[in-house]
Amino acid sequence: MQPLTRRQREILDYLREFMEQHGYAPSLEEIGRRFGLSSLATVHKHLTNLQEKGFIKRAWNRSRSVELLSTRAGGNALEIPLQGYVAAGAPIEAVVSPETVSVPEELVGRRVTYALRVRGDSMLEEQIRDGDIVVVESRQTAEDGETVIALVDGSDVTVKKLFREGGRVRLQPANAAVAPIVVDASQVQVQGVVVGVMRRY
């Protein structure tokens, strides 16, 4: 299951608000007017995407036939905190943001789970690209070779593969053009382990 785009989330929120106020779904024309979409085919495509992602159900032969599916009860998606950015490159300072993001329920681990937006391209060969959202299970330990969110020197956060080498830790990028970060083990704190990646096309 793919995450919702911002526009799909806006349309889903509008459907929910409209149906709470009126007791029935808006027409394609009303949705188009609300979002400045002159083409009904575009509105239809957004609704089709929401249906394919399991957020709504529609009857094809009736107008205003949208039915919202309960994402929490239906086990399709959960809202988790989007806690700012993580560097895939040189470490950057952690920035906390108050946003949330919808993720497939199967990506949410048993532990506390949160999301971070990736900046940089040091993890390209692991299919983690600039602008992607990584889903992170909050943990203070990780196995060698796991992709982790690491706090370096108490302030800089980066996403890399972790390897222990004696008393040192190697934070290994997945991009031949980027050098690994090798520091004393005492300088690195594991913040979590990446359990999923989401990309918005």
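Higher on the page you've got the structure.
Residues numbered from 1 in each chain as written. Predicted model: local features only at pLDDT ≥ 70, side-chain atom pairs only at ≥ 80, totals over all residues. Heavy atoms only, no water.

### Concerning the nonpolar core
One broad trend across soluble globular proteins is that nonpolar side chains are buried collectively.
Here is step 1: Among the nonpolar cores identified, the biggest contains 16 residues, and Ile11, Leu15, Ile31, Leu47, Leu50 and Ile56 are the most heavily contacted of them.
Here is step 2: Looking at this core, the elements that each hand over two or more residues are helix H1 (6-22), helix H2 (28-35) and helix H3 (40-52).
Here is step 3: If you tally residues by element for this core, the top one is H1, at five residues.
Here is step 4: Here Ile56 is in contact with Leu12, Leu15, Leu47, Leu50, Gln51, Val66, Glu67, Leu68 and Leu69, once residues within four sequence places are set aside. (Core = buried A, V, L, I, M, F, W, Y, C linked by side-chain atoms within 4.5 Å. Buried < 20%, exposed > 50% of the residue type's maximum accessible area, 1.4 Å probe, protein only. Helix = DSSP H or I, 4+ residues; strand = E, 2+ residues; numbered from the N terminus. Contact = heavy atoms within 4.5 Å.)

### Looking at the pattern of salt bridges
Here is step 1: Using the criterion set out here, one finds 10 salt bridges in the structure.
Here is step 2: Linking Arg6 and Glu10 is a salt bridge whose minimum nitrogen-to-oxygen distance equals 3.8 Å. One end of the pair is Arg6 and the other is Glu10, both in helix H1 and four residues apart, which spans about a single turn.
Here is step 3: On the basis of relative accessibility, which here comes to 65%, the residue Arg6 falls in the exposed class.
Here is step 4: What makes Glu10 partly exposed here is its relative accessible area of 31%.
Here is step 5: A salt bridge links Asp144 to Arg164; the nearest nitrogen and oxygen atoms lie 2.9 Å apart. With Asp144 in the loop between strand S7 (133-138) and strand S8 (147-152) and Arg164 in strand S9 (residues 156-165), this pair connects stretches of sequence that are 20 residues apart.
Here is step 6: Its relative accessible area of 42% is what places Arg164 among the partly exposed residues. (Salt bridge = Lys/Arg side-chain N within 4 Å of Asp/Glu carboxyl O.)

### Some words on the packing of H2 against H3
Here is step 1: Relative orientation of the contacting elements H2 and H3 amounts to 100°, with a least axis distance of 9 Å. As far as their axial angle goes, H3 and H2 are roughly perpendicular. On the side of H2, the interface is formed by Leu28, Glu29, Ile31 and Gly32, while H3 contributes Leu40, Val43 and Leu47.
Here is step 2: The residue inventory of the contact of H2 with H3, partitioned by class, reads five nonpolar, one polar and one charged. (Axes fitted to C-alpha atoms, helices over the stretch in contact; angles between N-to-C directions. Parallel < 35°, antiparallel > 145°, perpendicular 65-115°, else oblique. Nonpolar A, V, L, I, M, F, W, Y, C, P; charged D, E, K, R; others polar.)

### Remarks on the pairing of S7
Here is step 1: With five of its six residues buried, S7 lies for the most part within the structure.
Here is step 2: Where strand S6 (residues 113-119) and S7 come together, five bridges link them in antiparallel fashion. Bridge pairing links Arg117 to Ile133 in S7.
Here is step 3: Bridging between S7 and strand S12 (residues 188-198) involves six bridges; their strand directions are antiparallel. Looking at the pairing, Ser138 lines up with Gly192 of S12. (Pairing = 2+ DSSP bridges.)

Function cannot be read off these values alone, since they describe shape.
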